[in-house]
Amino acid sequence: MKRRTFGKVLGAGTTSTAVASLAGMLRPSSAASRTGAEAAGLAKARGAPSFAALKQIRAGELSIGYAEAGPAHGPALILLHGWPYDIHSYVEVTPLLATHGYRVIVPYLRGYGTTTFLSRTTLRNAEQAVFALDIIALMDALRIERAVLGGFDWGSRTADIVAVLWPERCKALVSVSGYLITDRKQQHLPLPPAAEWAWWYQYYFSTKRGELGLAKYRRDFAKLIWRNVSPTWHFSDAIFDRTAQAFDNPDYVHIVIHNYRWRLGLAPGDPRYEGLEARLAEGPPINVPTVTLDGALDPFTPPDNGAAYRGKFTGPYVHRTLKGIGHNVPQEAPEAFTRAVLEADRM
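This is a predicted model, so every value here is computed, not measured. (Residues numbered from 1 in each chain as written. Predicted model: local features only at pLDDT ≥ 70, side-chain atom pairs only at ≥ 80, totals over all residues. Heavy atoms only, no water.)

Visitor: Mind showing me how you'd approach helix H5 (residues 128-141) here?
Guide: Every α-helix carries 3.6 residues per turn, so stepping three or four residues along brings you back to the same face. End to end, H5 covers 21 Å across 14 residues, agreeing with the expected 20 Å (1.5 Å per residue, within 8%). Burial within H5 is extensive, with 12 of its 14 residues counted as buried. Within H5 the residues assigned to the buried category are Gln 128, Ala 129, Val 130, Phe 131, Ala 132, Leu 133, Asp 134, Ile 135, Ile 136, Ala 137, Leu 138 and Met 139. Phi turns positive one or two residues past the end of H5, at Arg 143, with a value near 60°. (Helix = DSSP H or I, 4+ residues; strand = E, 2+ residues; numbered from the N terminus. Expected span 1.5 Å × (residues − 1). Buried < 20%, exposed > 50% of the residue type's maximum accessible area, 1.4 Å probe, protein only.)

Visitor: Would you mind showing me how to read the confidence of the model for the protein here?
Guide: Keep in mind that low pLDDT regions are not for reading the predicted coordinates in detail. Per-residue confidence for the protein averages 89 on the pLDDT scale, and 86% of its residues sit at or above 70. Counting interchain partners and residues more than four positions distant, the pLDDT-below-50 stretch residues 1-37 has 63 contacts. Long-range and interchain partners of residues 39-43, a stretch whose pLDDT sits below 50, account for 10 contacts in this model, where long-range means more than four residues apart. (pLDDT = per-residue confidence, 0-100. Contact = heavy atoms within 4.5 Å.)

Visitor: Which parts of the structure should I look at to understand the nonpolar core?
Guide: One broad trend across soluble globular proteins is that nonpolar side chains are buried collectively. Of all hydrophobic cores here, the largest spans 100 residues; its most connected members are Trp 83 and Phe 337. Ranked by residue count, the leading element in this core is H5, at 10 residues. Apart from residues no more than four positions distant in its own chain, Phe 337 is found in contact with Leu 79, Tyr 90, Val 93, Gly 150, Gly 151, Val 174, Val 176, Leu 293, Val 329 and Pro 330. (Core = buried A, V, L, I, M, F, W, Y, C linked by side-chain atoms within 4.5 Å.)

Visitor: Sorry if this is basic, but what is going on with the pattern of salt bridges here?
Guide: In total, this model carries 14 salt bridges according to the counting rule given. In this structure, Arg 110 engages Glu 61 in a salt bridge whose closest nitrogen and oxygen atoms are separated by 3.0 Å. Highlighted residues: Arg 110 in the loop between strand E4 (103-107) and strand E5 (116-117) and Glu 61 in the loop between strand E1 (55-59) and strand E2 (62-69), separated in sequence by 49 residues. Each of the two residues, Arg 110 as well as Glu 61, counts as buried. As a salt-bridge pair, Arg 320 and Glu 343 come within 2.6 Å of each other at their nearest N and O atoms. In this pair, Arg 320 is assigned in strand E9 (residues 317-322) and Glu 343 in helix H15 (residues 334-346), connecting sequence segments 23 residues apart. For Arg 320, a relative accessible area of 37% corresponds to the partly exposed category. Salt bridges sharing partners connect three or more residues here, namely Glu 61, Arg 110, Asp 134, Asp 270 and Arg 272. (Salt bridge = Lys/Arg side-chain N within 4 Å of Asp/Glu carboxyl O.)

Here you go:
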């Protein structure tokens, strides 16, 4: 996104005082510790298929690392990962969709892999709107006017937000777990104990102990989450280690901690995004053609076959619940995710 466009989207009038008020909370980064080529080489040597090579592009506040496959002039498809995962959630989906003629773009979100901040002084903000702005900036940098978007976890939320705020940029949507735009007021209300249990890490991250724990045990932490939320997915050490390299990003801990604290109202957002967040707080509907997917074994899936969020999708719409599948749908069920993309794009 050009600086002019970025400022226009966020709104004028941001003061240096407001920016300084957040600077102490979110620290700067240096370059990512391992290049995409090195990561791919290591993964291949250990028997875990990986993307052949990664690309980098300056987009908005970031240098974004991304994988790309398929014809350069094919219809654009952008696939977004969640936490604690990375672009390799789509390592099997990508070639399947490339054979259908898509230009598939799979970026590392801010704080992951080879995606880094261009300036040491940029706030390491992780509220929900900023991830969508990153994707708009990426599309602008790649000269993509319109794309099909797909995601799970943080990636679903980001794709949902793009579909709401910039529907002209989103041709169709595949959203795992449905409508994930965060209502921070709703976050203050308690859930039944069994549902609260699944969110234990969100409360852990609200403490200094949790921040230190994530920094010290980031791999152990991710592996535990993978096993808990995908109980039938028997991944190898090589597959896990391939993704875990993305957590070596120097901003990873700051981004994860701020994201979860911001959701609970325990950390401030960036004043530049107040207008966008106010629009998202209204729970706006998604009008673009959408396929929603639920993993039946995902502890975050409500037991109602998508009825809980059906009213949020007002355009052409299909819902699927995948039996025997957990949270990481594109990696656990790549064929089903691929079919969902094709179905959404045909609507």
